[in-house]
Amino acid sequence: MPLSIAAWNVNSINARLPTALEVLKEIDADVVCLQELKCEDAKFPRSEIEDLGYNIETHGQKTYNGVAILSKHRIEDVTRGLPGMEDDPQSRWMEAVIAAPDAPFRVASLYAPNGNPVGTEKYDYKLRFMDALIAHAKARLALEEPYVIAGDYNIIPRDVDCHSVAAWADDALFLPESKNRYRALSHLGFTDAYMQVDGAPHVYTFWDYQAGAWNKNNGIRIDHLMCSPQAADRLDRVRIHRDARGKEKPSDHVPIIGVFR
DNA sequence: ATGTCGTGCTGCGCACGA
């Protein structure tokens, strides 16, 4: 029985709840990792999302950040906060085991730091967070489990993952130090699901609200599903739900969905 | 060069983050 796993930066679950419910119905994934909830756990719209058939675990925060894992299967072994970043007050990481019918599947919902402006504490924090993620991911690989780190990495991996290299050249999302963190995950043995099954250039998951970026297709690919070997071996296809960006009151990100055999 | 969102309070306009 296939298992579909989605990542979606919703940019406030409450500001666009009707649109978000519509998008969730359209993608109809078994597991959805949400980012940028921008609400505390008590303000998460539980009943509306439970009505779509989901179990819900959240790691919320007022105003900023916040991640969740939704699953049509039972959710087990939930952990909140990235190991190695115990003093970090920002809610950017949670993990759980999905009790899928065939075999358990571990998922993480990630909202990596943006890191701009470069040369400030924000950029240092981005790199420090990514280093902790790499160390944790390495430890997870030793378990030899199907495991997906799903979310907003705030890293543009390749030149062709943006519309214009010149526009992003000095941005925290594009600098070599950032790309090297993504590459370090690859070198450990993680596979970018999109790269495994497609990899076509100029396919994006984010379009800024500003300057008509959506109409000009001036986007970037920063939302990724990084798969352990045991997950990558089962990966069948990937879909980027581009239509979500054209809706009323859209998030600036669209969902990416991986289907695992 | 600018552009737009969402949040919350120093609160009905602003600062901040993206």
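Thresholds applied
Residues numbered from 1 in each chain as written. Chains lettered and ligands numbered in written order. Predicted model: local features only at pLDDT ≥ 70, side-chain atom pairs only at ≥ 80, totals over all residues. Heavy atoms only, no water. Phe/Tyr/Trp six-rings, centres within 6.5 Å; stacked < 30°, edge-to-face > 60°. Helix = DSSP H or I, 4+ residues; strand = E, 2+ residues; numbered from the N terminus. Buried < 20%, exposed > 50% of the residue type's maximum accessible area, 1.4 Å probe, protein only. Lys NZ or Arg CZ within 6 Å of the ring centre and 35° of its normal. Core = buried A, V, L, I, M, F, W, Y, C linked by side-chain atoms within 4.5 Å. Near = heavy atom within 4 Å. Polar contact = N/O pair within 3.5 Å; in protein donor to acceptor, adjacent residues only side chain to side chain. Nonpolar A, V, L, I, M, F, W, Y, C, P; charged D, E, K, R; others polar. Axes fitted to C-alpha atoms, helices over the stretch in contact; angles between N-to-C directions. Parallel < 35°, antiparallel > 145°, perpendicular 65-115°, else oblique. Contact = heavy atoms within 4.5 Å. Pairing = 2+ DSSP bridges.

Engineer: Before we move on, could you go through the packing of aromatic side chains and cite the residues and values that matter?
Structural biologist: Across all of its chains, the model carries five aromatic pairs by this definition. Ring centres 6.1 Å apart and planes at 70 degrees place the aromatic pair Tyr-147 and Phe-190 in the edge-to-face group. With Tyr-147 in strand β8 (residues 147-152) and Phe-190 in the loop between α5 (176-188) and β9 (191-192), this residue pair connects regions lying 43 residues apart in the sequence. Tyr-147 gets classed as buried once you look at its relative accessible area, which sits at 1%. Through pairs of rings, three or more aromatic residues link up here, namely Tyr-204, Trp-207 and Trp-214. Lying across the ring of Phe-174, Lys-179 places its NZ or CZ 3.4 Å from the centre.

Engineer: A description of the nonpolar core should follow, citing residues and the corresponding values.
Structural biologist: In terms of nonpolar packing, the biggest core is built from 54 residues, with Ile-13, Leu-34, Phe-44, Ile-49, Ile-69, Leu-70 and Val-148 touching the most fellow members. Residues Tyr-125, Leu-141, Ile-155 and Met-226 belong to the second largest nonpolar core, which totals 22 residues.

Engineer: For the protein's contact with DNA strand B, give the residues involved together with the corresponding values.
Structural biologist: Close contacts around DNA strand B come from 16 residues, with Ser-12, Thr-63, Tyr-209, Ala-211 and Lys-249 the closest. Here Ser-12 contributes a side-chain N or O atom positioned 2.3 Å from a phosphate oxygen of DNA strand B. In this structure, Lys-62 approaches DNA strand B through a side-chain N or O atom, which is 3.3 Å from a phosphate oxygen. Of the residues belonging to the surface near DNA strand B, the class tally is five nonpolar, four polar and seven charged.

Engineer: For the packing of helix α3 (residues 121-141) against α5, give the residues involved together with the corresponding values.
Structural biologist: As a packed pair, α3 and α5 sit with axes 10 Å apart at the nearest point and diverge in direction by 0 degrees. In terms of axis orientation, α3 runs roughly parallel to α5. Within the contact between the two elements, α3 uses Tyr-123, Lys-126, Leu-127, Met-130, Asp-131, Leu-133, Ile-134, Ala-137, Lys-138 and Leu-141 and α5 uses Glu-177, Ser-178, Arg-181, Ala-184, Leu-185 and Leu-188. For the contact of α3 with α5, the residue count by class is 10 nonpolar, one polar and five charged.

Engineer: Go over the sheet that holds strand β6 (residues 93-99), please, and point to the residues and values.
Structural biologist: The six strands lie next to each other as β5-β6-β7-β8-β12-β9, forming an open sheet whose pairing is mixed. Taken across any chain shown, the strands that pair with only one partner, and hence form the sheet edges, are β5 (74-80) and β9. Judged from the two bridges that link them, β9 and strand β12 (residues 223-227) form a sheet pairing that is antiparallel. Looking at β12, one finds that Thr-191 is bridged to Cys-227.

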